[in-house]
Amino acid sequence: MAGLNVEYINPFLVSATTILKQACNIDAKVGKPYLKDTNFTSDSVIIIIGVTGEMRGQVMIEFSNPVARTVAGHMMMMDQLPTLDEIGQSALSELGNMIMGNTATLFSEKGIGIDITPPTMAIGNVQFASQFTKNLCIPLVFDNNTINFNIAMKGE
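Residues numbered from 1 in each chain as written. Predicted model: local features only at pLDDT ≥ 70, side-chain atom pairs only at ≥ 80, totals over all residues. Heavy atoms only, no water.

Peer 1: So what's going on with the environment of Asn125? Residues and values would help.
Peer 2: The residue Asn125 is located in the loop between strand 7 (120-123) and strand 8 (126-127) in this model. Under the relative-accessibility criterion, Asn125 is labelled exposed at 63%. Remark: the alpha-carbon pair of Asn125 and Pro11, spanning 114 residues in sequence, is separated by 29 Å. Discounting chain neighbours no more than four positions away, the residues touching Asn125 are Phe40, Thr41 and Ser42. (Helix = DSSP H or I, 4+ residues; strand = E, 2+ residues; numbered from the N terminus. Buried < 20%, exposed > 50% of the residue type's maximum accessible area, 1.4 Å probe, protein only. Contact = heavy atoms within 4.5 Å.)

So this is what it looks like as structure tokens:
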């Protein structure tokens, strides 16, 4: 697997849109992919999940704080949470687990073995430096909100 092409990106996107629908009742549409740096603003909430196996790298699911509170609220059958408390953070981390677990299953069905790490959450101004690979950002848009799905991956 020389690089990331649509065949290797689609399982991430199918998983993300499916799990957002199932767990949050959110119909997200896939926006136009673009290369993005890994600098995040003070309003950012980022779920980081590492990938090992036949593909290596990480996925960073980026929300603005209000969108994170909305998504976590939907997971708990509520409106937007007033604050992103410990329960809300746990819900978002579990959302990342569900998306990436489903992604691993889809890759397995294609004969590609990957494992995922437990999620790590970063909140606020943070920058990740990596010469490992480029970061492809794919916006997932719903109700005038955006979740940025960042894929920084290499094949073996």
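Now that the structure has been shown, the text picks up again.
Peer 1: Which residues make up the packing of aromatic side chains, and what are the values?
Peer 2: Applying the stated criterion to the full structure yields two aromatic pairs. Note on Phe12 and Phe107: the rings are 5.4 Å apart at their centroids and 70 degrees apart in plane angle, and the pair reads as edge-to-face. Of the two residues, Phe12 sits in helix 1 (residues 6-24) while Phe107 sits in helix 3 (residues 86-109), which places them 95 residues apart along the sequence. Accessibility assignment for this pair places Phe12 and Phe107 in one class, buried. Residues Phe12 and Phe149 carry aromatic rings whose centres are separated by 6.4 Å and whose planes lie at 55 degrees to one another, so their mutual orientation is tilted. Separated by 137 residues along the polypeptide, Phe12 in helix 1 and Phe149 in strand 10 (residues 145-155) bring together distant segments of the chain. Taken individually, Phe12 and Phe149 each receive the classification buried, so the pair is uniform in this respect. An aromatic cluster is present here, built from Phe12, Phe107 and Phe149 joined pairwise through their rings. (Phe/Tyr/Trp six-rings, centres within 6.5 Å; stacked < 30°, edge-to-face > 60°.)

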